[in-house]
Structure formats: structure tokens, C-alpha cells
Amino acid sequence: MIIEGIDRGEPDLPFVPSEPDFTLIDLPTTLRLPAGRWGFRVSHRFTRALGDGDFGDLASDFFGFDSGAIVGLEVRYGLWPGMQLALLRTSDRTIQFLGQHSVLEERDGRPVGLDAIAAVQGLDNFTGDYSTVLGAVVSRRLNDRGAVYVTPMFVLKPLPESATADDSAFLLGLGARLRLGSSSYIVGEYVPRLSGPDAGDDHLSFAIERRKGGHSFQINFSNSFATSLGQVARSYGSSGAWHIGFNITRKFY
């Protein structure tokens, strides 16, 4: 059993109350994964729009939980101190490979944290329609009460129907996680597409979250089915409607 706050010689091991997880809802945080350790995430994005029908219709479908879902499974590994890799597959046969490297830690007088991120996504089990994401995550912790994030991202070929590899987009992710009490949080993220195909088609999500030991359980509401960064870039499934979903994460350390 690992006691929170005891590093046992590993500086990335102690629990960080302001940054309890490696993602907000879909966007990455700057939480470092200890070298040689693992993380796992399960995501569900239910496909029923919460605004379809009246309240009785919604209640009869258990507020969307009876509908189909886009399910994602992600495994994450700490390759060396400050470097982590993640593999995500969703049930629509999308696969994403992501690498994240800590450039600056928010400590020793540094006011912000900075990570570099790179991801490539392919549809149909990574056999075509590839999208590449290059970006950064800038974080500012609010003592133990949470953290705020800015995530600029350049996306090459954000839409599967992009005609050429020259099609690109620039997105600016904004997010926050605020701590309520000892183990509950509210989370939000907003990702406007500032340039590229369909500029102005923005991703928006908010959530409530509960942490217990190495587990986190999150109920979220989003205007798309996005889980991967490539899906966020194209507001996957966005139709102006809101959908319910959840994330479950587990740290194996």
C-alpha cells in the first residue's frame, strides 16, 4: 500500500491533490507518471442526445444510459521520469498513440508546468485517415485546490474527409479542475477551433468527479463523443446536442 505524500525515493510518486489524474475529461494534464508505472482509463460517451423527446422519454432511457455508447480503453506507461506513453482504442475502431514529455515542473520557484505532447490517430484500427496532433500543456496549480490549463494544439488533417495532408487546424484548449472537500472535484474544458476546416466548431465538456484511492470516477456532459485528441479536434459526433458519459481511471502505484 502506498501512503499519500510519501515518495519512497521516487519524486513522481506522491499524490498531488491539485492534479489527481492524467486527463481532465479528454484533454491531458501535466501530472507526471512515475517511471515503470501504469495507468488505465475507461471512457463511455452515450449516443442518446439529452434533449431528444420530453423528460419522460429521457427518464425511460435512464437519462441516456440505455443507449449505445462509444467506449474507449486507454493504457498509459511511464517510460522514464517525465516521459509517458499512452495507447487508446475506441469502439468505433479509432486508435491513438500519444507521447507526453515534461519540459518544466511547477516547483522550485517555477510558476507553471509545461509538457510537450504529440499524438497520431488512425481510423479503422489505424489503417487510414490519419490525424497528427502536436502541442503543449501549460498548467498552473492553485495550491491544493485545483489547477488550470492552456493547451495549444496544431492538428494536421483534422477531418477524415480532408482532401490533402496540407489541411490543418489550430485549437486552443482551456481547462480547469477545482477541488471540493477532500476527494471531490468539478472539471471543465473548452476547445475552440481557431483556424482550419469548420473553424468555430468547438468542443465543450464539464464533469463532476470523485476519487477513492487509486481510482477516479467521473460523470461528464459533452457536446460531442470525443475521447482522443483527434476526435476533439473535429468535435466528433457534434450536432449541437448534449450527451452524458463517464470516465473511470486507475493508477497502478
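Above this text you will find the structure in question.
Anyway, here's the lowdown on the structure attached to this text. (Residues numbered from 1 in each chain as written. Predicted model: local features only at pLDDT ≥ 70, side-chain atom pairs only at ≥ 80, totals over all residues. Heavy atoms only, no water.)

**What to know about the nonpolar core**
Moving on, step 1. Counting residues in hydrophobic clusters, the biggest one holds 24 residues, and the most contacted among them are Leu 27, Val 133, Met 153, Leu 171, Val 187, Val 191 and Leu 229.
Moving on, step 2. Those elements giving two or more residues to this core turn out to be β5 (113-122), β6 (128-141), β7 (146-156), β8 (168-180), β9 (184-191) and α3 (229-233).
Moving on, step 3. Residue contributions to this core peak at four residues, all from β7.
Moving on, step 4. When near neighbours in sequence (up to four residues on either side) are disregarded, Met 153 contacts Leu 27, Ile 117, Val 133, Leu 134, Gly 135, Ala 169, Phe 170, Leu 171, Val 191 and Leu 229.
Moving on, step 5. Core analysis: the second largest hydrophobic core is formed by six residues, Leu 13, Val 16, Phe 22 and Leu 33 among them. (Core = buried A, V, L, I, M, F, W, Y, C linked by side-chain atoms within 4.5 Å. Buried < 20%, exposed > 50% of the residue type's maximum accessible area, 1.4 Å probe, protein only. Helix = DSSP H or I, 4+ residues; strand = E, 2+ residues; numbered from the N terminus. Contact = heavy atoms within 4.5 Å.)

**Here we look at unusual backbone geometry**
Moving on, step 1. Phi at Asp 124 is positive, roughly 50°, even though this residue is not glycine.
Moving on, step 2. Turning to its location among the elements, Asp 124 is positioned in helix α2 (residues 123-126).
Moving on, step 3. Phi at Lys 157 takes a positive value of approximately 55°, unusual for a residue other than glycine.
Moving on, step 4. Structurally, Lys 157 can be placed in the loop between β7 and β8.

**So, the pairing of β9**
Moving on, step 1. Note that β8 and β9 share seven bridges and pair antiparallel. What sits directly across from Arg 179, in β9, is Tyr 185.
Moving on, step 2. Here β8 hands over to β9 after three residues, with Gly 181 in that stretch at a positive phi of 70°.
Moving on, step 3. In the sheet, β9 pairs with strand β11 (residues 203-212) via eight bridges, with the strands oriented antiparallel. Bridged to Ser 184 within β11 is Arg 210. (Pairing = 2+ DSSP bridges.)

**Let's talk about the side chain of Arg 76**
Moving on, step 1. Considering the arrangement of structural elements, one finds Arg 76 in strand β2 (residues 69-80).
Moving on, step 2. Using a relative accessible area of 4% as the deciding quantity, one classes Arg 76 as buried.
Moving on, step 3. Polar side-chain contacts of Arg 76 include one of 3.2 Å to the side chain of Glu 74.
Moving on, step 4. Within the structure, the side chain of Arg 76 is placed 2.9 Å from the side chain of Gln 84, a separation counted as a polar contact.
Moving on, step 5. With residues near it in sequence (within four places) discarded, Arg 76 still touches Phe 22, Thr 23, Leu 33, Arg 37, Trp 38, Gly 39, Gln 84, Leu 85, Ala 86, Leu 98 and Gln 100. (Polar contact = N/O pair within 3.5 Å; in protein donor to acceptor, adjacent residues only side chain to side chain.)

**What to know about the pairing of β5**
Moving on, step 1. The pairing of strand β4 (residues 95-104) with β5 spans nine bridges and is classified as antiparallel. Opposite Gln 100, over in β5, you have Ile 117 as the bridge partner.
Moving on, step 2. One ladder, built from nine bridges, connects β5 with β6; its direction is antiparallel. Opposite Ala 118, over in β6, you have Leu 134 as the bridge partner.

**Things to note about the side chain of Thr 249**
Moving on, step 1. Looking at where Thr 249 falls in the secondary structure, it is placed in strand β13 (residues 243-252).
Moving on, step 2. In terms of polar contacts, Thr 249 uses its side chain to reach the side chain of Asp 21, at 2.8 Å.
Moving on, step 3. Discounting chain neighbours no more than four positions away, the residues touching Thr 249 are Asp 21, Phe 40, Arg 41, Gly 214, His 215 and Ser 216.

**Topic: the packing of aromatic side chains**
Moving on, step 1. As enumerated under the stated definition, the model contains eight aromatic pairs in all.
Moving on, step 2. Geometrically, the ring pair formed by Phe 97 and Phe 126 is edge-to-face, given 5.1 Å between the ring centres and 85° between the ring planes. One end of the pair, Phe 97, is in strand β4; the other, Phe 126, is in helix α2, with 29 residues separating them in the sequence.
Moving on, step 3. Note on Phe 97: relative accessible area 39%, which makes it partly exposed.
Moving on, step 4. Consider the rings of Phe 206 and Phe 221, whose centres lie 5.3 Å apart with planes at 20°: the pair is stacked. Of this pair, Phe 206 sits in strand β11 while Phe 221 is found in strand β12 (residues 215-222), placing the two residues 15 residues apart along the sequence.
Moving on, step 5. Judged by its relative accessible area of 24%, Phe 221 is partly exposed. (Phe/Tyr/Trp six-rings, centres within 6.5 Å; stacked < 30°, edge-to-face > 60°.)

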